[in-house]
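Fold and contact review
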Amino acid sequence: MTREPVNLEQFAWLNAPDDVLVTGDAVEFITRPETDFWQRTHYGFRRANDHALLTRLWDDFSFTVQVEFFYETLYDQGGIMLYQDDDNWAKASLEYGGGTVPSMLGSVVTTDGWSDWASTPLVPDVNRLYFRLSRKGNDFRIDSSRDGDHFHQMRIFHMRHDIADTKVGIYACSPGQSSFKVRFDEMLVGPSQWRDH
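Residues numbered from 1 in each chain as written. Predicted model: local features only at pLDDT ≥ 70, side-chain atom pairs only at ≥ 80, totals over all residues. Heavy atoms only, no water.

Some words on the overall build of the chain
Scanning the chain from terminus to terminus reveals 0 helices and 18 strands. In terms of its C-alpha atoms, the chain occupies a principal-axis envelope of roughly 40 × 35 × 30 Å. Taken across its 197 residues, the chain has 51% of its residues classed as buried. Relative to all contacts within the chain whose residues are 6 or more apart in sequence, the contacts with residues 24 or more apart total 64%. Only carbon and sulfur atoms are counted for the fraction: they give 48% of the accessible area of the chain, which is about 9400 Å². Between the centroid of the 19 positive side chains of the chain and the centroid of its 30 negative side chains there is a distance of 3 Å. (Helix = DSSP H or I, 4+ residues; strand = E, 2+ residues; numbered from the N terminus. Buried < 20%, exposed > 50% of the residue type's maximum accessible area, 1.4 Å probe, protein only. Contact = heavy atoms within 4.5 Å. Areas by Shrake-Rupley, 256 points an atom, 1.4 Å probe, with all protein chains shown as cover. Lys, Arg positive; Asp, Glu negative; His and termini not counted. Charge placed at Lys NZ, Arg CZ, Asp CG, Glu CD.)

Structure, rendered in structure tokens:
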């Protein structure tokens, strides 16, 4: 299957950060404090102001990216995102544990304005990780990898609302009072690599 580097000129910001550096196929930026994507569940608050750089993709696909993290504070996070609107989206990321506990490899799927959260400690802690989002119709699969070759399933989920096209890309945020630097590169897109078995 042919995978091609993405064309960053076809991407657009949702909540653009103030400090962005684009070099070739790499994107590096610094998050703003009190940024996040979350809807209601358990915590009660609603926030839809994380920094996401997204492009429209049609049909089935796989989108892969490598993320390098320069964490500062608990809950700093970055990874891959699927976005329909503020009430319907999904994200997968590495979330900083604050130094006293391991960082969390996690994902959130939000449907009709309600978020879930699935996570697991990532031991040993890492500061570089690959994510892959694959689509088959309205079903999606998220995988992660430490080396970019051997991917492991994080979750499979369904988006209830029919979409002819969808927005996918990268995201990062700092839910607390901090900011941190994150770098994305090796972004590839191509036919879905999701195998049934």
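Having seen the structure, we can now continue with the description.
Looking at a nonpolar patch on the surface
On the surface, Trp13, Val20 and Val22 cluster together into a nonpolar patch covering about 230 Å² of accessible area. Within the secondary structure, Val22 is located in strand β3 (residues 19–23). (Patch = residues over 30% accessible without salt bridge, like charges linked within 9 Å, V, L, I, M, F, W, Y side chains within 5 Å. Salt bridge = Lys/Arg side-chain N within 4 Å of Asp/Glu carboxyl O.)

A short note on the pairing of strand β7 (residues 51–58)
Burial of β7 is extensive: 6 of the 8 residues sit out of reach of the surface. In terms of strand pairing, strand β2 (residues 12–14) meets β7 through 3 bridges, oriented antiparallel. Within the sheet, the bridge partner assigned to Ala12 lies in β7 and is Leu54. Across 8 bridges, the pairing between β7 and strand β17 (residues 165–173) is antiparallel. Residue Thr55 lies in a different strand from β17, and its bridge partner there is Val168. (Pairing = 2+ DSSP bridges.)

Looking at the layout of surface pockets
Empty space within the largest pocket amounts to approximately 310 Å³. Forming the walls of the largest pocket are 17 residues, and the residues nearest its centre are Asp36, Tyr75, Gln77, Glu95 and Trp117. (1 Å grid on protein atoms, 1.4 Å probe; cavity = no way out; pocket = protein on both sides within 12 Å on 5 of 7 lines; lining within 4 Å. Points joined across faces, edges and corners; volume = space filled by probe spheres on them.)

A closer look at the nonpolar core
Counting residues in each nonpolar core, the largest one holds 38 residues, and the members touching the most others are Phe63, Leu133, Phe157, Phe184 and Met187. Counting residues per element, this core draws most heavily on strand β8 (residues 62–70), which supplies 4 residues. Not counting residues within four places of it along the chain, the set of residues in contact with Leu133 comprises Phe61, Ser62, Phe63, Ile80, Met81, Leu82, Phe140, Arg141, Ile142, Phe157 and Val168. The next biggest cluster of nonpolar side chains, apart from the first, holds 10 residues, and it includes Ala52, Tyr83, Trp89 and Tyr171. (Core = buried A, V, L, I, M, F, W, Y, C linked by side-chain atoms within 4.5 Å.)

Focus on the side chain of Thr111
By the element assignment, Thr111 lies in strand β11 (residues 104–111). Residues in contact with Thr111, not counting those within four places in the same chain, are Asp87, Asn88 and Arg160.

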